[in-house]
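Spelled out from the first residue to the last, the chains are:
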Amino acid sequence: MKRITSIIAAIIMTINCFAKINIWENTDCHKKVKLTPYIVNGDNNIGIIVCPGGSYFWHDSETEGHEVAKWLNNNGISAFVLDYRTAYVPAFIFHHRYLFRGNLYPAPQDDLRQAKKKVRENASEFGVDSTKIGAMGFSAGGHLVMSSAELFDPQYRPNFIVPIYPVVTMTEKCVHKRSRRGLLGDNKQNDPELKNLLSLERHVPEDCPPVFLVNCKDDPIVDYHNSVLLDSALTSKNIPHQYLLFETGGHGFGASETKGSAECREWKEAFLNWIKTIF
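Computed from a predicted structure; not experimentally measured. (Residues numbered from 1 in each chain as written. Predicted model: local features only at pLDDT ≥ 70, side-chain atom pairs only at ≥ 80, totals over all residues. Heavy atoms only, no water.)

**Brief notes about the sheet that holds strand β4 (residues 78-82)**
So the rule is basically this: In this description, strands pair whenever DSSP reports at least two bridges between them. Comment: elements are numbered from the N terminus, with helices defined as DSSP H or I runs of at least four residues and strands as E runs of at least two. A contact between two residues is defined here by any heavy atoms of the two lying within 4.5 Å. Axis angles are defined between N-to-C directions and span 0 to 180 degrees, where every axis is a line fitted to C-alpha atoms and, for a helix, only to the segment in contact.
Reading across from one edge, β1-β2-β4-β3-β5-β6-β7-β8 is the order of the 8 strands in this open sheet, with mixed pairing throughout. Only two strands of the sheet have a single partner each, and these edge strands are β1 (21-22) and β8 (241-246). Note that strand β5 (residues 128-138) and strand β6 (residues 161-164) share 4 bridges and pair parallel. The partner of Met136 across the bridge, within β6, is Val162. Strands in contact with helix α10 (residues 267-278) are β3 (45-51), β5, β6, β7 (211-216) and β8; relative to β7, the strand with the most contacts, it is inclined by about 170°.

**What to know about the packing of aromatic side chains**
The condition is simple: Aromatic pairs are defined between Phe, Tyr and Trp rings, using the six-membered ring for Trp, whenever the two ring centres lie within 6.5 Å; interplanar angles under 30 degrees are classed as stacked, those over 60 as edge-to-face, and all others as tilted. Exposed residues in this analysis have more than 50% of their type's maximum accessible area, buried residues have under 20%, and partly exposed residues fall in between, with area computed by a 1.4 Å probe over protein chains only.
Here the structure, examined in full by the defined rule, presents 16 aromatic pairs. Where Trp71 meets Trp267, the ring centres are 5.2 Å apart and the plane angle is 65°; that geometry is what we call edge-to-face. Note that Trp71 is positioned in helix α2 (residues 62-74) and Trp267 in helix α10, a separation of 196 residues in sequence. You can call Trp71 buried: its relative accessible area is 10%. Accessibility expressed as a relative area gives 0% for Trp267, which makes it buried. Arranged with centres 5.9 Å apart and planes meeting at 55°, the rings of Phe138 and Tyr165 form a pair that is tilted. Of this pair, Phe138 sits in strand β5 while Tyr165 sits in the loop between β6 and α7 (177-184), placing them 27 residues apart in sequence. Accessibility assignment for this pair places Phe138 and Tyr165 in one class, buried.

**With respect to the nonpolar core**
For the record, the criterion: Nonpolar cores were defined as sets of buried Ala, Val, Leu, Ile, Met, Phe, Trp, Tyr and Cys residues, with membership established by side-chain atoms within 4.5 Å.
Counting 45 residues, the largest nonpolar core has Ile49, Leu82 and Met146 as the members making the most contacts within it. In terms of residue count, the dominant contributor to this core is helix α6 (residues 140-151) (5 residues). If we skip the residues at most four places from it in the chain, Ile49 touches Phe80, Leu82, Leu112, Ala115, Lys116, Val119, Ile133, Gly134, Ala135 and Met136. Counting residues in hydrophobic clusters, the runner-up holds 31 residues, among them Val81, Met136, Leu244 and Ala255.

**Considerations on the side chain of Asn215**
What counts here: Two N or O atoms count as a polar contact when they lie within 3.5 Å, although within protein this holds only if one can serve as hydrogen donor and the other as acceptor, and sequence-adjacent residues are included solely when both atoms are side-chain atoms.
Locating Asn215 in the fold gives a position in strand β7. For Asn215, a relative accessible area of 2% corresponds to the buried category. Within the structure, the side chain of Asn215 is placed 3.5 Å from the side chain of Ser227, a separation counted as a polar contact. Only 2.8 Å separates the side chain of Asn215 from the side chain of Tyr243, close enough to count as a polar contact. Not counting the four nearest positions on each side in its chain, Asn215 is found in contact with Tyr165, Tyr224, Ser227, Tyr243, Leu244, Leu245 and Phe246.

**What about the confidence of the model for the protein chain?**
Threshold: Every residue carries a pLDDT, the predictor's confidence in it, which falls somewhere between 0 and 100.
Averaged over the protein chain, the pLDDT score is 93; the fraction of residues at 70 or greater is 92%. Across the protein chain, β6 holds the top mean pLDDT of 99, while helix α1 (residues 2-16) sits lowest at 47.

**A closer look at the pairing of strand β2 (residues 34-38)**
Burial within β2 is extensive, with 4 of its 5 residues counted as buried. Where β1 lies against β2, 2 bridges are found, and the strand directions are antiparallel. Bridge pairing in β2 places Ile21 opposite Leu35. Bridge analysis of β2 against β4 gives 4 bridges, and the strand direction is antiparallel. In the strand pairing of β4, Tyr38 is matched with Ala79.

**Looking at the packing of helix α4 (residues 107-121) against α6**
A pair of packed helices is characterised by two quantities: the angle between their axes and the separation of those axes. The cut-off we apply is this: Working rule for angles: under 35 degrees goes down as roughly parallel, over 145 as roughly antiparallel, 65 to 115 as roughly perpendicular, anything else as oblique.
Relative to each other, α4 and α6 sit at 75°, their axes nearing to 10 Å. As summarised for this structure, α4 and α6 are arranged roughly perpendicular, according to the angle between their axes. Contacts between α4 and α6 pair Pro108, Gln109, Leu112 and Arg113 from the former with His143, Leu144, Val145, Ser147, Ser148 and Leu151 from the latter.

**Thoughts on unusual backbone geometry**
Pro106 follows Tyr105 through a cis peptide bond whose omega is 10°. Tracing the backbone through its elements, the reader meets Pro106 in the loop between α3 (89-93) and α4. At Ser139, a position not held by glycine, the phi torsion is positive, near 60°. Positionally, Ser139 belongs in the loop between β5 and α6. Unusually for a residue other than glycine, Asn238 sits at a positive phi of about 55°. The exposed category is assigned to Asn238, whose relative accessible area is 69%.

As structure tokens, this is what we get:
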């Protein structure tokens, strides 16, 4: 019986997954950046643009992308997985990027801005409320979604932001150097102006959207002090937010039922409760 139920759920999920959209189609930007919608039934639903991590070099598309979208769908939330531009693996291997330069700042930010615009413009088709479109990101994707609150004009900002074990700083000792190199490139990773601009703890705006922030003390990839810095900055500006700092769970657990720890997986239920207080 359980197997039949799982098969039916998978079929429904497949039906509700729209074809991938090239967010830059019919624009002056001749790039192909794909957005995969996972739509729940009904109208005026919450919608979340999901940005997987990967150090701005690649994407953890399953654990931090499509699995997250399916979990959100199962809880009545429409999701849109964004394959934003990254530097890609060859740029990681060839440090000076003479042959494989990849994509640098602000390409990922431009993609998220365009994705928000695309979802908002087609909100009725997707069955989402245009005032309830958030962004959820993991690791470097967490940096990306939080940067949208600081770098975008208010009309393009998400209505709420969910950074999960995010990269935050580009300047402090706890910086995740690989993400900094992925975003800024080998030649500009030490550029003081860019590092300052993209250190998210330094530029939280007074009108920042609500934030739900999560990470773990035992994170072996992104030092947990990144989120501590962001929490302090949000607190100093009196921004509505919730910060969950778990003792265990590590990094890269996404919305998995098995990765991380039983403790850190509690973030999902906490988020679902939090979002009810926002809308």
